[in-house]
Amino acid sequence: MVRTILWLCLALWTTCVDATPDMERLYADLFQTLNPAIRPVANASDPVVVTVGAAIQMIVETDEQNQLLTTSMWMRFSWEDALLRWDPDDYGGTTSLVVPLHNIWIPDIVLYNNADSEFRGMIDTSPHLTHYGVVYWNAPALYKSSCRLNVRYFPFDEQRCILKFGSWSYDASGINLVNRSAAGDMSSFIDNGEWDVIGMPVRRNEVYYSCCPVPYPDITFTLVLRRRPHFYLFNLLMPCLLVSFVTALNFLLPADSGEKVGLVLTVLLALTVFLLIVAETIPPSNTTPIIGKYFIATIFIVSLSVIMTVFVLHLHFRLPGVGPVPIWLRKLAFVSLAPLLCVQASYDHGKPILPTESNGGHLGDIPVKNRKTKKRSRWVSTEDDSNDLTDLARAVASIDGNLHTLVTRCNEQDADEDILTQWKYVAVVFDRFFFVVYVILTVMTTIIILCQPKPYSE
Ligand SMILES: *[C@@H]1O[C@H](CO)[C@@H](O)[C@H](O)[C@H]1NC(C)=O
Ligand SMILES: *[C@@H]1O[C@H](CO)[C@@H](O)[C@H](O)[C@H]1NC(C)=O
């Protein structure tokens, strides 16, 4: 009677959980006396052999600042449980069973290089049990692991991050780990915008830690990640490259426009802002990444161009009364540099810029002085001829004197202007010279820094 009621209750319950009486009996038989804390081996000296496999599902985040890698993985474990075997014929042909995780013994496999409070990382999914005692346990997991990210070649870098799995409590005599395959499974990998997964080799290690005299086996997956540089090329390198080439135009800008220094300083500010962004994306480390080197080199060259511009402006804006352009400078500018740089070297209606052999370099000054002395002496001789006309002569002399002063001043002004124009031409030649120097420097740094050997060959 009691038995029938019990059966009825059981039947009612089993319909609710969608299980047959056979299965119910199997659960009862298997787990009634089972202690999940006991290692399931027939002989206590045998280790439980746990097969470890992993599939990478996605790379959630790489944190270069804190040297962290967050990955979403599917862990795959399997082992043989000597206490969970049954004959399918006794239980209506049931060959497999899904059991709640905490009903059976499970290996305490953790991520050794974990950087999160949650060492396990795995979700408590239910393992699969087969009648010959093999347990298959697949669990999704979110791991935050420590990974030394070397940014020397950033953004052309390749990183190797390890994920080391092992049992925390059992040494090799308690749990032996073996790898499921020679490499991690990458077939379910969801494409990442920043990283390509190149490979995921596996290695089994046995390590003696300083705590204990027994070896601990571990399975180590190495994630080989390669950064996709396009994002950084388009958002950081390209603007920098463009800006530095625009700076070259500064040397073609006329000095009179008054914009020369302003332009270079604006560019310098823009580059500094870019450098700040770069500094935020890379971790602080001893090695400067390629992109950082490039920015520093560009800022250095642009700073140099500020000096060049100021020098050119210094040549261009001379105060009247400044001495003529020294011969060596004239030779350098008009003989050596101007033809080389295709700058037109003649000016002022064909007047020679360089001194001819005869008058030895005092351009403009000498003819004025000569004319002055000659005219004076001729006037003095005419004054002696007649005394009647002294007053008139004096007036004329005064006019002549004034006129002469005027002419002299005019001539001096002309000469001064001549000198100033010469300085301006020197400035133009140097502007062109610095333009060439700047372009060569920029192209060279770009090629040298960006074409450095990469850690991988494309
Ligand atoms: C357990 O294993 C040890 C060593 O392998 C062996 O000497 C012993 O006989 C085994 N015991 C049983 C009950 O099988
Ligand atoms: C385990 O990994 C090694 C390489 O470390 C490999 O040679 C071996 O075949 C792997 N084992 C299995 C079962 O694939």
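Placed above this text is the structure.
Residues numbered from 1 in each chain as written. Chains lettered and ligands numbered in written order. Predicted model: local features only at pLDDT ≥ 70, side-chain atom pairs only at ≥ 80, totals over all residues. Heavy atoms only, no water.

A. Structural detail: the packing of aromatic side chains. The final tally for this structure, using the stated rule, is 19 aromatic pairs. Note on Tyr112 and Tyr209: the rings are 6.1 Å apart at their centroids and 35 degrees apart in plane angle, and the pair reads as tilted. Of this pair, Tyr112 sits in the loop between β4 (109–111) and β5 (128–130) while Tyr209 sits in the loop between β10 (202–208) and β11 (215–227); the two residues are 97 residues apart in sequence, bridging distant segments of the chain. On the basis of relative accessibility, which here comes to 17%, the residue Tyr112 falls in the buried class. Accessibility expressed as a relative area gives 25% for Tyr209, which makes it partly exposed. Between Phe430 and Phe433, the ring centres sit 6.4 Å apart and the planes meet at 90 degrees, which makes this aromatic pair edge-to-face. With a gap of 3 residues between them, Phe430 and Phe433 both fall in helix α8 (residues 390–450), about one helical turn apart. Residue Phe430 is classed as buried on the basis of its relative accessible area, which comes to 7%. Members of the aromatic cluster, each reached through a chain of ring pairs, are Tyr112, Trp168, Tyr209 and Tyr216. Between Arg318 and the ring centre of Trp423, over which it is positioned, the NZ or CZ distance is 4.0 Å. (Phe/Tyr/Trp six-rings, centres within 6.5 Å; stacked < 30°, edge-to-face > 60°. Helix = DSSP H or I, 4+ residues; strand = E, 2+ residues; numbered from the N terminus. Buried < 20%, exposed > 50% of the residue type's maximum accessible area, 1.4 Å probe, protein only. Lys NZ or Arg CZ within 6 Å of the ring centre and 35° of its normal.)

B. Here's a closer look at helix α4 (residues 260–281). With 22 residues, α4 extends 33 Å between its outermost C-alpha atoms, agreeing within 8% with the 32 Å of an ideal straight helix rising 1.5 Å per residue. Looking at α4, one finds that the buried residues are Lys260, Val264, Val267, Leu268, Leu271, Phe274 and Val278. All buried residues of α4 lie within an arc of 125 degrees about the axis, which places them on one face of the element. In α4, those exposed residues whose orientation departs by more than 90 degrees from the buried face are Thr266, Leu269, Leu276 and Glu280. Next to the buried residues of α4 lie α3 (230–249), α5 (290–316) and α8. (Expected span 1.5 Å × (residues − 1). Arc of directions from axis to C-beta. Contact = heavy atoms within 4.5 Å.)

C. Seen up close, the site of ligand 2. Around ligand 2 sit Asn179, Arg180, Ser181, Ala182, Val202 and Arg203, and those are all the residues in its vicinity. Between ligand 2 and the protein, one listed contact pairs an oxygen atom with a backbone N or O atom of Ala182 at 3.4 Å. Take Val202: an N or O atom from its main chain is 2.9 Å from an oxygen atom of ligand 2. Burial of ligand 2 by the protein amounts to 45% of the accessible area it has alone, namely 350 Å². Among the residues making up the shell around ligand 2, the classes are represented as 2 nonpolar, 2 polar and 2 charged. (Near = heavy atom within 4 Å. Polar contact = N/O pair within 3.5 Å; in protein donor to acceptor, adjacent residues only side chain to side chain. Areas by Shrake-Rupley, 256 points an atom, 1.4 Å probe, with all protein chains shown as cover. Nonpolar A, V, L, I, M, F, W, Y, C, P; charged D, E, K, R; others polar.)

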